[in-house]
Amino acid sequence: MNQTSRDGFSSRFGIFAAVIGSAIGLGNIWRFPYMVGENGGAAFLIVYCAFVLIIGIPAMLSEFIIGRRGQGNSYRSFKQLAPQKPWYWIGLVGIFAAFIILTFYSVITGWTLEYVAIALKDVFSSSTVVQDPAQVFEHFHTQALKPLIWQIVTMLISAIVIMLGVRKGIESSAKILMPLLFICLAILAVKTLTLPGSVEGLRFLFSPDFSKINSGVILKALGQAVFSLSVGMGCLITYGSYIRKDVNMSRTAFSVAIADLLIAVLAGIVIFPALFSFGMAPEQGPGLVFVVFPGIFQQMIGGVYFALLFFMLVAIAGITSIISLLEVIVVYFVEEFKLKRVFATLVAATLACGLGAFSTLSFGPLKHVKIFNQSIFDNSDFLASNILLPLGAFFVVVFLGWFYDINQIKDELGNQGTLKMRLFPVFMFIIRYVAPIAILLVFLKGLNIF
Ligand code: TRP
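Here the structure is a predicted model, which is why all the values come from computation and not from measurement.

Engineer: Teacher, can you tell me more about the overall build of the protein here?
Structural biologist: What the protein contains, in helices and strands, is 18 helices and 0 strands. Compactness check: the protein gives a C-alpha radius of gyration of 21 Å against a globular reference of 22 Å for 450 residues, within 12% of the reference. In terms of overall dimensions, the protein has a C-alpha envelope of 65 × 50 × 45 Å along the principal axes. Per-residue burial for the protein yields a buried fraction of 58% across its 450 residues. Looking at the protein alone, contacts between residues at least 24 apart form 82% of all its contacts between residues at least 6 apart. Here the protein displays about 18500 Å² of accessible surface, and carbon together with sulfur accounts for 68% of that area. The distance from the centre of the 30 positive side-chain charges to the centre of the 21 negative ones in the protein is 8 Å.

Structure below.
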């Protein structure tokens with residue numbers, strides 16, 4: 001397939017919006033704040049920033065290089081770069097990982113749609129009955145049917161965007177949704193910052209407690225950085241293959257990483273002042289978004305509108321990430337099995353929903369099914385986040401750092417000699433030594449080996 005017949009991103013802003021759409025997700029708005037909450041506030045934030053800069057950005061760039069050089073899905077790109085070598089297995093495992101992430105990520109995103117619906121109902125109803133958020137959540141997410149329906153709706157919305165193609169679907173939707181997400185978040189930040197007692201929350205977020213930093217926290221920060229930047233499973237290889245040859249990828253990776261970081265911090269600025277203002281503890285997990293927050297909104301003047309805004313924001317963040325995960329699988333089906341895009345999307349979405357149903361039901365009817373002492377949902381999360389992602393990221397940087405021609409890397413990264421590349425030696429040093437070692441530590445920690 002040559003450059004002209006292959007669908008791709010059209011403008012620099014389009015690329016930025018699409019990649020940031022993938023990066024910003026539940027990882028920023030749901031996972032990051034409770035990670036900060038549990039692991040020493042600002043001290044965690046500082047370590048996290050360091051990892052984004054020295055490992056996240058080089059790893060993103062490595063995936064972009066492989067994708068744009070290889071001009072194919074994550075499997076095919078490896079085959080192009082290393083014919084006759086088994087490196088393409090990284091691409092295949094990445095596609096499998098995308099599938100696994102989809103199965104559980106769509107569960108939580110589906111829940112946010114239910115909360116958008118609840119908020120909409122509250123906006124239009126005059127009823128003043130106040131329900132206990134913990135009960136509402138418990139009742140909703142342990143059912144069989146409703147969460148399943150929302151999961152299917154989530155997948156369907158994402159599938160429609162994918163069917164429209166890279167430029168007309170992924171890029172166009174991201175160009176609208178990403179600014180919208182930013183506006184929602186900014187309005188919410190202004191609102192929570194003006195709540196009485198909000199300073200306490202800001203102090204928590206921005207004043208470091210270094211006594212909380214230990215090896216476990218450092219490794220958690222690295223894991224969070226990798227997850228949040230969508231590194232490790234071919235997502236950015238796939239998007240990289242859609243980036244035009246004249247675009248400065250280093251600049252794209254850098255600006256996406258910074259924007260991703262800013263949005264995570266902004267989410268923290270929304271969440272912590274609100275928590276402290278209403279005297280709630282920085283609790284962890286699904287409860288933070290689905291139980292604590294509705295409780296806070298109930299006590300706010302105009303809370304239903306802010307609830308609507310907030311859950312729309314989380315839903316958008318989730319859906320644009322799902323789109324990027326689905327695309328990894330769809331373009332693999334299209335290019336390797338010569339399926340039509342629409343059909344490939346239907347197959348991928350149906351498979352993901354079918355398997356994802358087990359994750360959804362593992363909160364309700366299948367609650368008692370335990371594998372390795374964990375629910376199906378937790379197993380999928382563990383397999384993807386703690387095993388497949390770190391492995392994928394590790395092999396991507398090792399492949400590029402040690403097994404690919406350095407002149408080709410320089411050529412691709414420097415747009416065939418047209419860009420200045422002062423930091424190139426630093427980049428090579430990181431992908432050869434720093435990143436592989438750090439990622440290996442996360443991996444071993446994730447498996448509780450030490
Ligand atoms: N980065 C997204 C988030 O923060 C999730 C995500 C999308 C992802 N695509 C990915 C994570 C690829 C790892 C790999 O929620």
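We are not done yet, so read on.
Engineer: How should I be thinking about the side chain of S228 in this particular structure?
Structural biologist: You can see S228 is positioned in helix α10 (residues 215-228). Owing to a relative accessible area of 1%, S228 belongs among the buried residues under this scheme.

Engineer: Would you mind going over the nonpolar core with me for this structure?
Structural biologist: Note on soluble globular proteins: their nonpolar side chains tend to be buried together. The biggest cluster of nonpolar side chains holds 160 residues, and the ones touching the most others in it are M60, M233, F310, F399 and F427. If one sorts the elements of this core by residue count, helix α14 (residues 303-337) sits on top with 22 residues. Not counting residues up to four positions away in its chain, the partners in contact with M60 are V19, L229, V231, L236, A253, V256 and A257.

Engineer: What exactly am I supposed to notice about the site of the ligand here?
Structural biologist: Among the 17 residues in the neighbourhood of the ligand, the closest are listed as A23, G27, Y105, F227 and S230. For the ligand, whose accessible area on its own is 360 Å², the fraction buried by protein is 100%. A majority-of-atoms criterion places the ligand in the largest cavity. Of all the secondary structure elements, the ones that give two or more residues to the shell around the ligand are α1 (12-23), α2 (26-38), α10 and α14. Tallied by class, residues from the shell around the ligand come to 9 nonpolar, 8 polar and no charged.

Engineer: Explain the environment of A349 to me, please; I cannot follow it from the model alone.
Structural biologist: Among the structural elements, A349 can be located in helix α15 (residues 341-361). The class for A349 is buried, based on a relative accessible area of 9%. Residues A349 and F311 lie 38 residues apart in sequence; the distance between their C-alpha atoms is 23 Å. Contacts of A349, omitting those with residues within four sequence positions, involve M155, A159 and L326.

Engineer: Quick question: what am I supposed to make of the side chain of N28 here?
Structural biologist: Within the secondary structure, N28 sits in helix α2. Not counting residues up to four positions away in its chain, the partners in contact with N28 are A23, P33, S228, D260, I263, A264 and A267.

Engineer: Please clarify how empty space enclosed by the protein should be interpreted in this entry.
Structural biologist: Where empty space is left in the structure can be found by rolling a water-sized probe over the atoms. Applying the stated criterion across every chain, the model contains 4 cavities of 30 Å³ or more. Taken as a whole, the largest cavity holds about 170 Å³ of empty space. S22, Y105, F227, S230 and L325 are, among the 18 residues lining the largest cavity, the residues nearest its centre. Among the secondary structure elements, those contributing two or more residues to the lining of the largest cavity are α1, α2, α5 (88-124), α10 and α14. When the residues that make up the lining of the largest cavity are grouped by side-chain class, the tally is 10 nonpolar, 8 polar and no charged. The computed volume of the second largest cavity comes to approximately 100 Å³. In terms of lining, the second largest cavity is formed by L26, G27, W30, R31, F104, Y105, I108, F227, F377, D381 and S385. Sorting the residues of the lining of the second largest cavity by element identifies α2, α5 and α16 (376-403) as the ones contributing at least two each. The biggest single contributor to the lining of the second largest cavity is α2, with 4 residues.

Engineer: Is there a simple way to explain unusual backbone geometry in this structure?
Structural biologist: One non-glycine residue, Q84, lies in positive phi territory at about 65 degrees. Tracing the chain through its elements places Q84 in the loop between α4 (74-81) and α5. Taking the relative accessible area as the measure of exposure, Q84 reaches 81% and is therefore exposed. In the Ramachandran plot, N415 falls in the positive-phi region, its phi being about 45 degrees despite a non-glycine side chain. Of note, N415 is situated in the loop between α17 (406-413) and α18 (424-446). Given a relative accessible area of 5%, N415 falls into the buried group.

Engineer: I keep staring at the pattern of salt bridges and nothing clicks. Help me out?
Structural biologist: Pairing is possible between side chains that carry opposite charge, provided their charged atoms lie close to one another. This structure, assessed with the given rule, holds 12 salt bridges. For E114, the salt bridge goes to K146, with nearest N and O atoms at 3.3 Å. With E114 in helix α5 and K146 in helix α7 (residues 145-163), this residue pair connects regions lying 32 residues apart in the sequence. Judged by relative accessible area, E114 falls into the buried class, the value being 6%. The residue R341 makes a salt bridge to E327 at a minimum N-O spacing of 2.5 Å. You can see R341 sitting in helix α15 and its partner E327 sitting in helix α14, a full 14 residues away along the chain. According to the relative accessible area criterion, E327 is buried, its value standing at 0%.

The rules behind these values
Residues numbered from 1 in each chain as written. Predicted model: local features only at pLDDT ≥ 70, side-chain atom pairs only at ≥ 80, totals over all residues. Heavy atoms only, no water. Helix = DSSP H or I, 4+ residues; strand = E, 2+ residues; numbered from the N terminus. Rg over C-alpha atoms; globule rule 2.2 N^0.38 Å. Buried < 20%, exposed > 50% of the residue type's maximum accessible area, 1.4 Å probe, protein only. Contact = heavy atoms within 4.5 Å. Areas by Shrake-Rupley, 256 points an atom, 1.4 Å probe, with all protein chains shown as cover. Lys, Arg positive; Asp, Glu negative; His and termini not counted. Charge placed at Lys NZ, Arg CZ, Asp CG, Glu CD. Core = buried A, V, L, I, M, F, W, Y, C linked by side-chain atoms within 4.5 Å. Near = heavy atom within 4 Å. 1 Å grid on protein atoms, 1.4 Å probe; cavity = no way out; pocket = protein on both sides within 12 Å on 5 of 7 lines; lining within 4 Å. Sits in = over half its atoms within 2 Å of the grid points. Nonpolar A, V, L, I, M, F, W, Y, C, P; charged D, E, K, R; others polar. Points joined across faces, edges and corners; volume = space filled by probe spheres on them. Salt bridge = Lys/Arg side-chain N within 4 Å of Asp/Glu carboxyl O.

Read these as geometric descriptors, not functional statements.
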